[in-house]
Amino acid sequence: MLLAYVIATGITTGALYALVAVGLVICYRTTGHINFSHGELFMVGGFLAFTLHVLLGVPYVPSLVLAVLGGGLLGLLSDRLVYRPLISAPATAMVVATVALSFVLRGVARYLWGGQGEYVPFPPIADPSAVMIGPIAVFPQQLVVVASTVLCMALVTLFFRLTRTGKTMKAVAESPRAAYLVGIRVERVYAMTWSLSAALAAVSAVFMAPLTQLTPDIGFGLLLKAFAATILGGLGNMPGAVVGGFVVGIAEAFAAGYISSSVQEVMAFIIIMLVLVLRPTGLFGVKAAREV
Amino acid sequence: MEQLKRILRASVVLAAALGIAASAQAEEGVTDTTIKIGTMGALTGPLAGIIVPQFNGIEIVFEEANAAGGIHGRKIVFVREDDECLPSKGVGAVKKLLYEARPFMIVGGGCSNAAIAQKPEIVAAKVPWVVTAATADALSEPVDPYVYTTMSAAWTEVYGMLQLALDEKKSRIAVVWQPDAWGKARIEPLKEALKKKGVTAIAIEEVAVEPTDLTPTALKLKALNPDAVLMLLYPKAAVPFLRDSMKVGLQPLAIGGSPLVEIDQMAKGAGSVEAVKNVRVIAAAGFGVDDPQVAKWKEKIEKRFGDRFNLYHMFGIAGGQFVVEALKRAGRDLTRERILAVMSTMQMSSDAYAGPLKCTPADHQCHKTLGIFALKDGRVSGVGSTTPTR
């Protein structure tokens, strides 16, 4: 019984990490930068939905749509204010900029939503009663997260394969210079990438907030888990990030179930260290391909 | 001769003026019309959400006293200093407070870690300090002449939690705790309490401070069949624990401390009232946020600061009332020595606590009567009180 629960818990938690990791990967693939403010974009998306749905009483679906739009706009704004001015700067400048942005967003969130208390409960979308799947009980909200991860993955894949914008993003990811030479407006593609990534963070937040609760400081912890997932899957590899998310989630659940609850939280760090030492390119690494 | 007289007259006038000035500035932080009181805690950072409400609670009491004409004609000036609840920043912040703002006394100190680092500075400066929220036993034990606390010390809550479980005839007791400074300040006193009462915990499980899912922990505990779980947790960990415990069918008596007093909010977080049906909370505050006893303060806080009234405001209100009462009793000739003498035998009631605030020269932990709370009809309601002893 414990094993079944551990696997189920790992899958549902892993779906959560995978969803956040996908946003990180989209950014990295196109811009070559890791967005260390991605966790905070997630957090702001969640609080936007909370404000609309809980505080203002807007129905759930319009709240979701508006929060995602708000997240996308925030991504665009971040691009204009932070990323675009640094487009030619060394990579370390972008690291510092995204970390700085994360602090700014956290501070703003504390200012705007800090008075709500230490954490903010977000009502579940689905019936809060657990349902039985075979011998194990699962919350419908957990199934919603798994389903939304699969759906988002499918949509993002289709976006990159079928749409002109997606293809230009892929072209820029392959070679910004070549893309520029064939007439692609690279800066605009970067802006769209930051925006898409932020919108995806908002989607993740809306689905996950009922499971994680919202606090202005929720972003960093989730970023770490998602980062472990992307490292494990291979930086820039989307299916790898999803697999990595599930592996991190399941590893955490196994650690809690069979070793000690206290080990659960350090599993992400252990995974990051092991991957960096044993297989720096991750399970589905694409580093070599980018260097060609 | 005439010149000598003029010099003498001028000297007398100057001496009188200096004397008046000296008497008006008799004590640092006190003028003829004001009393400066300082506080330090997290105004920014992750813990600002629980510290700022405490300060707002203190300030609302001071504002009420000021509106009533002040204390013996002096208005309280409340100065806040940000330490982010970090020991590394705390010492600098309290030095700035002590030597730049120069308050008459300090009221506050929200986090144990920072407060422990700040204590030597405050004691060295011989400034009276009323701790309003930090709970570490080391702040008030052994007794220091300059330090008083209106918050229940860490040992008080854990002894109360265990006593409640034993009073309910529970014998298979498990403990779930979070390994941060707050949790560490409680787990040792709890182990000591278990030992003193001759109880062996069937499990002591450490969980993450901000977990996403605690199903494996709940399953492990379920296998041990506890009839009570003592939760040394903040809501971020307690909510997933209660939610996942309900999911796997583990719902023994679950007893938490002050941070869990907003049981209704935890029910929302867990998505179901069912998850908290067996939760009891031992809290420093004496009343639920919707209790008529604190309705006046709830209205004032929400109107003045726009906060959602909560437990942390009550800690501040009690601390503020304690200080205002002490200042009143100390009289117009206010000195630090005098207020310390007053506080050493202080006994009073606060609007926010279930029992009296009572200090003695040998015991500066002035608050020991804790409220017991449960969720009734969707509201956090007081279901009793307890005064734990060691």
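Because the structure is predicted, anything quoted here is derived from the model rather than measured. (Residues numbered from 1 in each chain as written. Chains lettered and ligands numbered in written order. Predicted model: local features only at pLDDT ≥ 70, side-chain atom pairs only at ≥ 80, totals over all residues.)

A. Spotlight on the overall build of chain A. Along chain A, the regular secondary structure elements total 13 helices and two strands. In summary, chain A has a C-alpha radius of gyration of 19 Å against a globular reference of 19 Å for 292 residues, a match within 12%. Counting only C-alpha atoms and orienting by the principal axes, one finds that chain A spans roughly 60 × 50 × 35 Å. Considering chain A as a whole, with its 292 residues, one finds that 54% of them fall into the buried category. In chain A, 76% of the contacts between residues at least 6 apart in sequence involve partners at least 24 apart. (Helix = DSSP H or I, 4+ residues; strand = E, 2+ residues; numbered from the N terminus. Rg over C-alpha atoms; globule rule 2.2 N^0.38 Å. Buried ≥ 20, exposed ≤ 12 C-beta atoms within 10 Å, placed from the backbone. Contact = placed C-beta atoms within 7 Å.)

B. Highlighting the overall build of chain B. Secondary structure assignment for chain B yields 13 helices and 14 strands. In terms of overall dimensions, chain B is globule-like: its C-alpha atoms have a radius of gyration of 24 Å, near the 21 Å expected for 390 residues. Considering only C-alpha atoms, chain B reaches an extent of 100 × 40 × 35 Å along its principal axes. Intrachain contacts of chain B at a sequence separation of at least 6 include 71% that bridge at least 24 residues.

C. The pairing of strand β2 (residues 75-82) of chain B, seen in detail. Residues and elements named next belong to chain B. The pairing of strand β1 (residues 34-41) with β2 spans eight bridges and is classified as parallel. Counterpart to K36 in the pairing with β2 is V77. With respect to chirality, the unit in which β1 leads through helix α2 (residues 48-67) into the neighbouring parallel β2 is right-handed. (Pairing = 2+ DSSP bridges. Right-handed = clockwise from strand over helix to strand, strands pointing away.)

D. Quick look at the interface of chain B and chain A. Contact with chain B, which involves 32 residues of that partner, is made by 36 residues of chain A. Every element with two or more residues in the side of chain B that touches chain A is listed here: α2, β7 (203-206), α8 (215-224), α9 (235-247) and α10 (263-270) of chain B. Taken together, the residues of the side of chain B that touches chain A break down into 12 nonpolar, 11 polar and nine charged. (Nonpolar A, V, L, I, M, F, W, Y, C, P; charged D, E, K, R; others polar.)

E. Quick look at the nonpolar core. Residues and elements named next belong to chain B. Counting 226 residues, the largest nonpolar core has L230, M231, L242 and I263 as the members making the most contacts within it. Split by domain, the residues of this core number at least three in each of domain 1 (34-152 + 291-359) and domain 2 (155-283 + 372-386). Excluding residues that lie within four positions of it along the chain, M231 makes contacts with V176, A238, F241, A254, I255, G256 and L260. (Core = buried A, V, L, I, M, F, W, Y, C linked by C-beta atoms within 7 Å. Domains from an automatic or database assignment.)

F. Fine view of the packing of helix α3 (residues 60-83) of chain A against helix α8 (residues 186-212) of chain A. All names here are of chain A. For the pair α3 and α8, the least separation of the axes is 7 Å and the interaxial angle reads 140°. The hand of the α3/α8 crossing is right-handed. In contact with L64, A67, V68, G70, G71, G72, L74, G75, L76, S78, D79 and Y83 of α3, α8 contributes Y190, A191, W194, S195, S197, A198, A199, A201, A202, V203 and V206. Partitioned by chemical class, the residues of the contact of α3 with α8 number 15 nonpolar, seven polar and one charged. (Axes fitted to C-alpha atoms, helices over the stretch in contact; angles between N-to-C directions. Left-handed = near helix turned anticlockwise from the far one by under 90°.)

G. Local environment of the environment of A:A93. Residues and elements named next belong to chain A. Its location among the elements puts A93 in helix α4 (residues 91-113). A93 sits in the partly exposed class, given 14 other C-beta atoms within 10 Å. Separated by 10 residues in sequence, A93 and Y83 have C-alpha atoms that sit 9.6 Å apart.

H. Spotlight on the environment of B:I173. All names here are of chain B. Relative to the helices and strands, I173 is located in strand β6 (residues 173-177). The sequence separation of I173 and N225 amounts to 52 residues, and the corresponding C-alpha distance is 9.2 Å. Not counting the four nearest positions on each side in its chain, I173 is found in contact with A165, V199, A201, I202, P226, A228 and L230.

I. Main features of helix α11 (residues 295-305) of chain B. Residues and elements named next belong to chain B. Residues of α11 that are buried include every one of W297, K298 and I301, and no others. Buried residues in α11, looked at end-on, bunch into an arc of 105°, giving them a common side. Those residues of α11 that are exposed and angled more than 90 degrees off the buried face are K296, E299, K303 and R304. The secondary structure elements touched by the buried residues of α11 are α2 and α12 (311-330). Just downstream of α11 lies G306, where phi reads positive at about 75°. (Arc of directions from axis to C-beta.)

J. Examining the sheet that holds strand β4 (residues 129-131) of chain B more closely. All names here are of chain B. In spatial order, the strands read β2-β1-β3-β4-β5; together these five strands make up an open sheet with parallel pairing. In the strand order of this sheet, the two ends are held by β2 and β5 (147-149), each with one partner. With strand direction ignored, the average angle separating the axes of adjacent strands in the sheet is 25°. With two bridges joining them, β1 and strand β3 (residues 105-108) adopt parallel strand pairing. Along β3, the bridge assignment pairs G38 with I106. This element, α12, spans β1, β3 and β4 of the sheet and lies at about 150° to β4.

K. Spotlight on the domain arrangement of chain B. Residues and elements named next belong to chain B. With domains assigned, chain B is organised as domain 1 (34-152 + 291-359) and domain 2 (155-283 + 372-386). Residue-level contacts link 11 residues of domain 1 with 13 residues of domain 2. Grouping the constituent residues of the side of domain 1 that touches domain 2 by class yields three nonpolar, six polar and two charged.

L. Structural view of the sheet that holds strand β13 (residues 370-376) of chain B. Residue and element names in this part refer to chain B. The strand order across the open sheet built from seven strands is β7-β6-β8-β9-β10-β13-β14, with neighbouring strands paired in mixed fashion. Strands at the two margins of the open sheet, each flanked by one partner only, are β7 and β14 (379-386). Strand-to-strand twist across the sheet, computed as the mean angle between neighbouring axes with direction ignored, equals 25°. Both β6 and β7 contribute to a ladder of four bridges, which runs parallel.

M. Geometry of the environment of B:G271. Looking at where B:G271 falls in the secondary structure, it is placed in the loop between α10 and β10 (279-283). Exposure remark for B:G271: the 25 C-beta atoms within 10 Å place this residue in the buried category. Along the sequence, B:G271 and B:G38 sit 233 residues apart, while their C-alpha atoms lie 41 Å from each other. When near neighbours in sequence (up to four residues on either side) are disregarded, B:G271 contacts A:P124, A:P128, A:P210 and B:R243.

N. Expanded view of the confidence of the model for chain B. Residue and element names in this part refer to chain B. With 93% of its residues at a pLDDT of 70 or more, chain B has an overall mean of 90. Counting contacts from residues 18-24, a segment whose pLDDT is below 50, to residues more than four positions away or on other chains yields two contacts. Both confidence scores are given for the complex: pTM 0.79, ipTM 0.80. (pLDDT = per-residue confidence, 0-100.)

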